[in-house]
Amino acid sequence: MKKMLLSGISTALMLLQSWAPIHAQESVETTPQDSLLTDSVPVDSARLERMAYQAELSKEIAAMSRTNLGTKTHAWPERATFETTQGGRTQLQWFWFNPKTKDAPHVWQMQNGATEDVFYLDQSTNRAATLNLKTLQGAFIPARIAEQAGFTGNATQFSPKKSPNWEATARTDTSSTWTFREGDTEIQVVLSNEKNGSRAMAAFNWLRLQPIEPCELPFTAQKYPLISLTKIAGNDQALLQIRALEWTALETPLEVDATQLSINDPERDLRTIAREWTDEKKAKEATND
(Lines give C-alpha, C1' and ligand atoms only; values in the text may rest on other atoms or scores of the structure.)
Protein backbone atom coordinates (compact mmCIF):
# COMPACT_ATOMS: atom_id res chain seq x y z
CA MET A 1 0.00 0.00 0.00
CA LYS A 2 2.83 2.38 0.88
CA LYS A 3 4.54 1.64 -2.45
CA MET A 4 1.29 2.38 -4.27
CA LEU A 5 0.93 5.64 -2.39
CA LEU A 6 4.46 6.74 -3.19
CA SER A 7 3.93 5.75 -6.80
CA GLY A 8 0.76 7.79 -6.89
CA ILE A 9 2.45 10.81 -5.36
CA SER A 10 5.31 10.53 -7.82
CA THR A 11 2.79 10.46 -10.63
CA ALA A 12 1.03 13.50 -9.18
CA LEU A 13 4.27 15.40 -9.04
CA MET A 14 4.94 14.41 -12.64
CA LEU A 15 1.56 15.87 -13.50
CA LEU A 16 2.57 19.22 -12.06
CA GLN A 17 5.72 19.17 -14.16
CA SER A 18 3.96 18.07 -17.35
CA TRP A 19 0.78 20.12 -17.07
CA ALA A 20 2.10 23.25 -18.78
CA PRO A 21 3.73 21.39 -21.72
CA ILE A 22 0.54 19.37 -22.24
CA HIS A 23 -1.62 22.45 -22.45
CA ALA A 24 0.93 24.20 -24.63
CA GLN A 25 0.83 21.25 -26.99
CA GLU A 26 -2.98 21.31 -27.04
CA SER A 27 -2.95 25.00 -27.94
CA VAL A 28 -0.69 24.24 -30.89
CA GLU A 29 -2.83 21.34 -32.06
CA THR A 30 -6.00 23.38 -32.16
CA THR A 31 -4.64 26.24 -34.31
CA PRO A 32 -6.53 26.83 -37.56
CA GLN A 33 -3.49 25.86 -39.68
CA ASP A 34 -3.49 22.39 -38.18
CA SER A 35 -7.26 21.89 -38.23
CA LEU A 36 -6.97 19.11 -40.77
CA LEU A 37 -4.44 17.24 -38.63
CA THR A 38 -6.72 17.23 -35.57
CA ASP A 39 -8.96 14.77 -37.37
CA SER A 40 -6.15 12.42 -38.27
CA VAL A 41 -5.92 9.03 -36.62
CA PRO A 42 -2.41 9.51 -35.11
CA VAL A 43 -3.36 12.82 -33.45
CA ASP A 44 -6.67 11.46 -32.17
CA SER A 45 -4.93 8.42 -30.74
CA ALA A 46 -2.37 10.57 -28.97
CA ARG A 47 -5.05 12.82 -27.54
CA LEU A 48 -7.19 9.91 -26.35
CA GLU A 49 -4.17 8.33 -24.74
CA ARG A 50 -3.34 11.60 -22.99
CA MET A 51 -6.95 12.04 -21.83
CA ALA A 52 -6.98 8.50 -20.46
CA TYR A 53 -3.70 9.16 -18.67
CA GLN A 54 -5.06 12.36 -17.11
CA ALA A 55 -8.28 10.63 -16.06
CA GLU A 56 -6.34 7.83 -14.37
CA LEU A 57 -4.07 10.37 -12.73
CA SER A 58 -7.07 12.28 -11.42
CA LYS A 59 -8.35 9.06 -9.82
CA GLU A 60 -4.97 8.51 -8.12
CA ILE A 61 -4.89 12.07 -6.80
CA ALA A 62 -8.48 11.74 -5.55
CA ALA A 63 -7.55 8.50 -3.76
CA MET A 64 -4.56 10.19 -2.13
CA SER A 65 -6.81 13.01 -0.88
CA ARG A 66 -8.82 10.51 1.17
CA THR A 67 -7.89 9.57 4.73
CA ASN A 68 -8.70 6.65 7.00
CA LEU A 69 -10.23 7.63 10.32
CA GLY A 70 -8.10 5.25 12.33
CA THR A 71 -6.52 1.84 12.77
CA LYS A 72 -8.94 0.14 15.16
CA THR A 73 -12.38 -1.44 15.26
CA HIS A 74 -14.62 0.31 17.77
CA ALA A 75 -17.79 -0.99 19.42
CA TRP A 76 -20.51 0.88 21.31
CA PRO A 77 -22.86 -1.49 23.22
CA GLU A 78 -25.06 1.21 24.79
CA ARG A 79 -27.06 4.13 23.45
CA ALA A 80 -28.68 7.14 25.09
CA THR A 81 -31.55 9.19 23.70
CA PHE A 82 -31.54 12.91 24.52
CA GLU A 83 -34.08 15.63 23.82
CA THR A 84 -33.03 19.27 23.51
CA THR A 85 -35.47 22.19 23.37
CA GLN A 86 -34.07 25.62 22.63
CA GLY A 87 -35.56 28.65 20.92
CA GLY A 88 -38.85 26.85 20.42
CA ARG A 89 -37.18 23.99 18.54
CA THR A 90 -37.01 20.42 19.83
CA GLN A 91 -34.42 17.96 18.64
CA LEU A 92 -33.84 14.28 19.41
CA GLN A 93 -30.38 12.73 19.36
CA TRP A 94 -28.88 9.29 19.80
CA PHE A 95 -25.50 9.00 21.48
CA TRP A 96 -23.59 5.70 21.48
CA PHE A 97 -21.07 4.89 24.21
CA ASN A 98 -18.94 2.09 25.61
CA PRO A 99 -18.81 1.86 29.44
CA LYS A 100 -15.51 -0.04 29.28
CA THR A 101 -13.64 2.28 26.90
CA LYS A 102 -12.78 5.89 27.69
CA ASP A 103 -10.95 6.78 24.49
CA ALA A 104 -13.47 5.47 21.91
CA PRO A 105 -14.56 8.08 19.34
CA HIS A 106 -17.85 9.85 20.00
CA VAL A 107 -20.74 8.96 17.68
CA TRP A 108 -24.10 10.75 17.74
CA GLN A 109 -27.00 11.23 15.36
CA MET A 110 -29.87 13.70 14.88
CA GLN A 111 -33.12 11.71 14.89
CA ASN A 112 -35.20 14.41 13.22
CA GLY A 113 -32.52 15.52 10.78
CA ALA A 114 -32.56 15.53 7.01
CA THR A 115 -30.11 12.61 6.63
CA GLU A 116 -29.14 9.38 8.36
CA ASP A 117 -25.53 10.49 8.68
CA VAL A 118 -23.89 10.41 12.09
CA PHE A 119 -21.38 12.81 13.57
CA TYR A 120 -18.07 11.20 14.44
CA LEU A 121 -15.39 12.77 16.63
CA ASP A 122 -12.11 11.12 17.50
CA GLN A 123 -10.96 13.05 20.56
CA SER A 124 -7.45 11.59 20.31
CA THR A 125 -6.92 13.50 17.05
CA ASN A 126 -9.68 16.11 17.59
CA ARG A 127 -10.96 15.46 14.07
CA ALA A 128 -14.66 15.48 13.24
CA ALA A 129 -16.52 13.93 10.33
CA THR A 130 -19.99 13.06 9.05
CA LEU A 131 -20.52 9.41 8.15
CA ASN A 132 -23.11 7.14 6.61
CA LEU A 133 -22.69 3.90 8.54
CA LYS A 134 -24.40 1.87 5.81
CA THR A 135 -22.18 2.96 2.92
CA LEU A 136 -19.10 3.90 5.00
CA GLN A 137 -18.95 7.14 3.04
CA GLY A 138 -18.50 10.56 4.55
CA ALA A 139 -16.54 13.78 4.71
CA PHE A 140 -14.33 15.51 7.21
CA ILE A 141 -15.59 18.59 8.97
CA PRO A 142 -12.70 21.10 8.74
CA ALA A 143 -11.19 21.82 12.16
CA ARG A 144 -12.21 25.49 12.13
CA ILE A 145 -15.86 24.69 11.34
CA ALA A 146 -15.96 21.84 13.87
CA GLU A 147 -14.67 24.17 16.58
CA GLN A 148 -17.14 26.93 15.72
CA ALA A 149 -20.04 24.44 15.76
CA GLY A 150 -19.03 23.10 19.16
CA PHE A 151 -18.26 19.57 17.94
CA THR A 152 -14.84 19.54 19.57
CA GLY A 153 -16.10 20.55 23.01
CA ASN A 154 -17.95 23.45 24.62
CA ALA A 155 -15.99 23.51 27.91
CA THR A 156 -18.83 22.14 30.05
CA GLN A 157 -17.31 20.97 33.33
CA PHE A 158 -18.09 19.64 36.79
CA SER A 159 -17.99 21.99 39.77
CA PRO A 160 -15.46 21.34 42.54
CA LYS A 161 -16.55 18.92 45.25
CA LYS A 162 -17.16 21.60 47.89
CA SER A 163 -18.40 24.27 45.52
CA PRO A 164 -21.06 26.56 47.08
CA ASN A 165 -22.65 27.20 43.68
CA TRP A 166 -25.05 24.26 43.77
CA GLU A 167 -27.81 23.75 46.30
CA ALA A 168 -29.83 20.56 46.78
CA THR A 169 -33.39 21.87 46.52
CA ALA A 170 -35.54 18.73 46.17
CA ARG A 171 -35.36 14.97 46.48
CA THR A 172 -37.66 12.05 45.64
CA ASP A 173 -37.23 8.29 45.79
CA THR A 174 -35.76 8.27 42.27
CA SER A 175 -34.13 11.67 41.76
CA SER A 176 -32.51 14.72 43.32
CA THR A 177 -32.70 18.32 42.10
CA TRP A 178 -29.78 20.74 42.23
CA THR A 179 -30.11 24.48 41.63
CA PHE A 180 -27.51 27.05 40.61
CA ARG A 181 -28.32 30.78 40.48
CA GLU A 182 -26.23 33.39 38.73
CA GLY A 183 -27.75 36.86 38.40
CA ASP A 184 -31.18 36.56 36.81
CA THR A 185 -30.47 33.09 35.46
CA GLU A 186 -31.23 29.81 37.22
CA ILE A 187 -30.06 26.34 36.22
CA GLN A 188 -31.88 23.27 37.54
CA VAL A 189 -30.26 19.87 37.18
CA VAL A 190 -32.15 16.70 38.04
CA LEU A 191 -30.01 13.61 38.65
CA SER A 192 -30.96 9.97 39.07
CA ASN A 193 -30.50 8.50 42.53
CA GLU A 194 -29.22 5.30 40.95
CA LYS A 195 -25.45 5.42 40.79
CA ASN A 196 -24.05 4.67 37.32
CA GLY A 197 -20.73 6.32 36.49
CA SER A 198 -20.61 5.22 32.85
CA ARG A 199 -24.02 6.70 32.04
CA ALA A 200 -23.22 9.83 34.02
CA MET A 201 -20.06 10.38 31.95
CA ALA A 202 -21.91 9.55 28.72
CA ALA A 203 -24.36 12.38 29.46
CA PHE A 204 -21.43 14.68 30.22
CA ASN A 205 -19.57 13.76 27.01
CA TRP A 206 -22.72 14.22 24.91
CA LEU A 207 -23.45 17.58 26.54
CA ARG A 208 -19.97 18.83 25.67
CA LEU A 209 -20.61 18.05 21.98
CA GLN A 210 -23.66 20.30 21.74
CA PRO A 211 -23.58 23.79 20.17
CA ILE A 212 -24.63 25.46 23.42
CA GLU A 213 -23.02 27.70 25.99
CA PRO A 214 -20.82 25.82 28.49
CA CYS A 215 -22.57 24.56 31.61
CA GLU A 216 -21.28 23.81 35.08
CA LEU A 217 -22.68 20.58 36.48
CA PRO A 218 -22.87 19.55 40.14
CA PHE A 219 -19.91 17.49 41.32
CA THR A 220 -22.20 14.53 42.01
CA ALA A 221 -23.19 14.42 38.31
CA GLN A 222 -19.96 12.47 37.71
CA LYS A 223 -21.55 9.40 39.32
CA TYR A 224 -25.30 9.91 39.02
CA PRO A 225 -26.76 10.16 35.49
CA LEU A 226 -28.43 13.29 34.23
CA ILE A 227 -32.24 13.19 33.98
CA SER A 228 -32.76 16.79 32.93
CA LEU A 229 -31.13 20.20 32.76
CA THR A 230 -33.17 23.41 32.52
CA LYS A 231 -31.83 26.93 32.12
CA ILE A 232 -34.38 29.55 33.16
CA ALA A 233 -34.30 33.34 32.66
CA GLY A 234 -35.48 35.89 35.22
CA ASN A 235 -38.95 36.02 33.66
CA ASP A 236 -39.39 32.27 34.20
CA GLN A 237 -38.76 31.63 30.51
CA ALA A 238 -37.01 28.33 29.77
CA LEU A 239 -33.98 29.22 27.65
CA LEU A 240 -32.75 25.63 27.35
CA GLN A 241 -34.18 22.29 28.37
CA ILE A 242 -32.39 18.96 28.03
CA ARG A 243 -33.84 15.59 28.98
CA ALA A 244 -32.36 12.09 28.96
CA LEU A 245 -35.27 10.06 27.62
CA GLU A 246 -33.86 6.55 27.45
CA TRP A 247 -30.79 4.43 28.17
CA THR A 248 -30.59 1.34 25.98
CA ALA A 249 -28.30 -1.69 26.20
CA LEU A 250 -28.08 -2.84 22.57
CA GLU A 251 -28.52 -6.50 21.65
CA THR A 252 -26.06 -5.93 18.82
CA PRO A 253 -23.42 -3.28 19.54
CA LEU A 254 -22.73 -0.61 16.96
CA GLU A 255 -19.37 -1.52 15.42
CA VAL A 256 -17.17 0.56 13.13
CA ASP A 257 -13.91 -0.52 11.54
CA ALA A 258 -12.06 2.78 11.32
CA THR A 259 -9.67 1.33 8.72
CA GLN A 260 -12.62 1.00 6.33
CA LEU A 261 -13.72 4.61 6.79
CA SER A 262 -11.80 6.23 3.96
CA ILE A 263 -13.38 9.63 3.42
CA ASN A 264 -12.72 12.88 1.61
CA ASP A 265 -10.24 15.05 3.46
CA PRO A 266 -10.27 18.72 2.38
CA GLU A 267 -7.03 19.29 4.29
CA ARG A 268 -5.10 16.83 2.11
CA ASP A 269 -4.52 18.84 -1.06
CA LEU A 270 -1.81 18.03 -3.58
CA ARG A 271 0.64 20.36 -1.87
CA THR A 272 0.18 18.56 1.46
CA ILE A 273 0.60 15.15 -0.17
CA ALA A 274 3.76 16.28 -1.96
CA ARG A 275 5.20 17.62 1.31
CA GLU A 276 4.47 14.35 3.11
CA TRP A 277 6.12 12.41 0.29
CA THR A 278 9.20 14.67 0.43
CA ASP A 279 9.47 14.37 4.22
CA GLU A 280 9.18 10.57 4.06
CA LYS A 281 11.80 10.39 1.32
CA LYS A 282 14.22 12.53 3.36
CA ALA A 283 13.64 10.38 6.45
CA LYS A 284 14.43 7.22 4.47
CA GLU A 285 17.59 8.72 3.03
CA ALA A 286 18.72 9.81 6.51
CA THR A 287 18.09 6.28 7.83
CA ASN A 288 20.08 4.70 4.98
CA ASP A 289 22.99 7.06 5.61
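Residues numbered from 1 in each chain as written. Predicted model: local features only at pLDDT ≥ 70, side-chain atom pairs only at ≥ 80, totals over all residues. Heavy atoms only, no water.

1. A short note on the confidence of the model for the protein chain
Thinking step 1. Of the residues in the protein chain, 70% reach a pLDDT of 70 or more, and the chain-wide mean stands at 77.
Thinking step 2. Mean pLDDT across the elements of the protein chain ranges from a minimum in helix α1 (residues 2-29), with 41, to a maximum in strand β13 (residues 226-232), with 96.
Thinking step 3. Low pLDDT, under 50, characterises residues 1-38; the stretch is placed with 39 contacts to residues that sit more than four places away or in other chains. (pLDDT = per-residue confidence, 0-100. Helix = DSSP H or I, 4+ residues; strand = E, 2+ residues; numbered from the N terminus. Contact = heavy atoms within 4.5 Å.)

2. Brief notes about the environment of Thr 101
Thinking step 1. Mapped onto the secondary structure, Thr 101 falls in the loop between β3 (89-97) and β4 (106-110).
Thinking step 2. Under the relative-accessibility criterion, Thr 101 is labelled partly exposed at 31%. (Buried < 20%, exposed > 50% of the residue type's maximum accessible area, 1.4 Å probe, protein only.)

3. Some points on the pattern of salt bridges
Thinking step 1. For the structure on display, the rule yields 5 salt bridges.
Thinking step 2. With a shortest N-O distance of 3.9 Å, Glu 167 and Arg 181 are connected by a salt bridge. Highlighted residues: Glu 167 in strand β9 (residues 166-171) and Arg 181 in strand β10 (residues 175-182), separated in sequence by 14 residues.
Thinking step 3. The exposure class assigned to Glu 167 is partly exposed, which follows from its relative accessible area of 46%.
Thinking step 4. Its relative accessible area of 51% is what places Arg 181 among the exposed residues.
Thinking step 5. Here Glu 186 makes a salt bridge to Arg 181, at a shortest N to O gap of 3.1 Å.
Thinking step 6. The buried category is assigned to Glu 186, whose relative accessible area is 18%. (Salt bridge = Lys/Arg side-chain N within 4 Å of Asp/Glu carboxyl O.)

4. Some thoughts on the environment of Pro 164
Thinking step 1. Position of Pro 164 among the secondary structure elements: in the loop between β8 (157-158) and β9.
Thinking step 2. Separated by 16 residues in sequence, Pro 164 and Phe 180 place their C-alpha atoms 9.1 Å apart.

5. Things to note about helix α4 (residues 197-208)
Thinking step 1. Along its 12 residues, α4 runs 17 Å from first to last C-alpha, staying within 8% of the 16 Å computed at 1.5 Å per residue.
Thinking step 2. Those residues of α4 that fall on the buried side of the exposure criterion are Ala 200, Ala 202, Ala 203, Phe 204, Trp 206 and Leu 207.
Thinking step 3. On the buried face of α4, the contacting elements are β2 (73-86), β3, β8, β12 (216-217), β13 and β14 (238-257). (Expected span 1.5 Å × (residues − 1).)

6. With respect to the nonpolar core
Thinking step 1. In this structure, Phe 95, Val 189, Leu 217, Leu 229 and Ile 242 are the most contacted members of the largest nonpolar core, which totals 32 residues.
Thinking step 2. Contributing elements (two or more residues each) for this core: β2, β3, β4, β5 (118-122), β11 (185-192), α4, β13 and β14.
Thinking step 3. Here this core gets 5 residues from one element, more than from any other, and that element is α4.
Thinking step 4. Among residues more than four places away in sequence, those in contact with Phe 95 are Glu 78, Arg 79, Ala 80, Phe 82, His 106, Val 107, Trp 108, Ala 202, Asn 205, Trp 206 and Leu 209. (Core = buried A, V, L, I, M, F, W, Y, C linked by side-chain atoms within 4.5 Å.)

7. Examining the packing of aromatic side chains
Ring pairs (aromatic) are described by centroid distance and by the angle formed between their planes.
Thinking step 1. In the structure shown here, the tally under the stated rule is 7 aromatic pairs.
Thinking step 2. Summarising the aromatic geometry, the rings of Phe 82 and Trp 247 are spaced 5.8 Å apart at their centres and angled 85 degrees between planes, so their arrangement reads as edge-to-face. In this pair, Phe 82 is assigned in strand β2 and Trp 247 in strand β14, connecting sequence segments 165 residues apart.
Thinking step 3. The class for Phe 82 is buried, based on a relative accessible area of 0%.
Thinking step 4. Seen from their ring centres, Trp 94 and Trp 96 are 5.9 Å apart, and the 85 degrees between their planes marks the pair as edge-to-face.
Thinking step 5. Judged by relative accessible area, which is 24%, Trp 94 ranks as partly exposed.
Thinking step 6. Here the aromatic residues Phe 82, Phe 97, Trp 206 and Trp 247 are joined through ring pairs into a cluster of three or more.
Thinking step 7. Sitting over the ring of Trp 94, Arg 79 keeps its end group 3.7 Å from the ring centre. (Phe/Tyr/Trp six-rings, centres within 6.5 Å; stacked < 30°, edge-to-face > 60°. Lys NZ or Arg CZ within 6 Å of the ring centre and 35° of its normal.)

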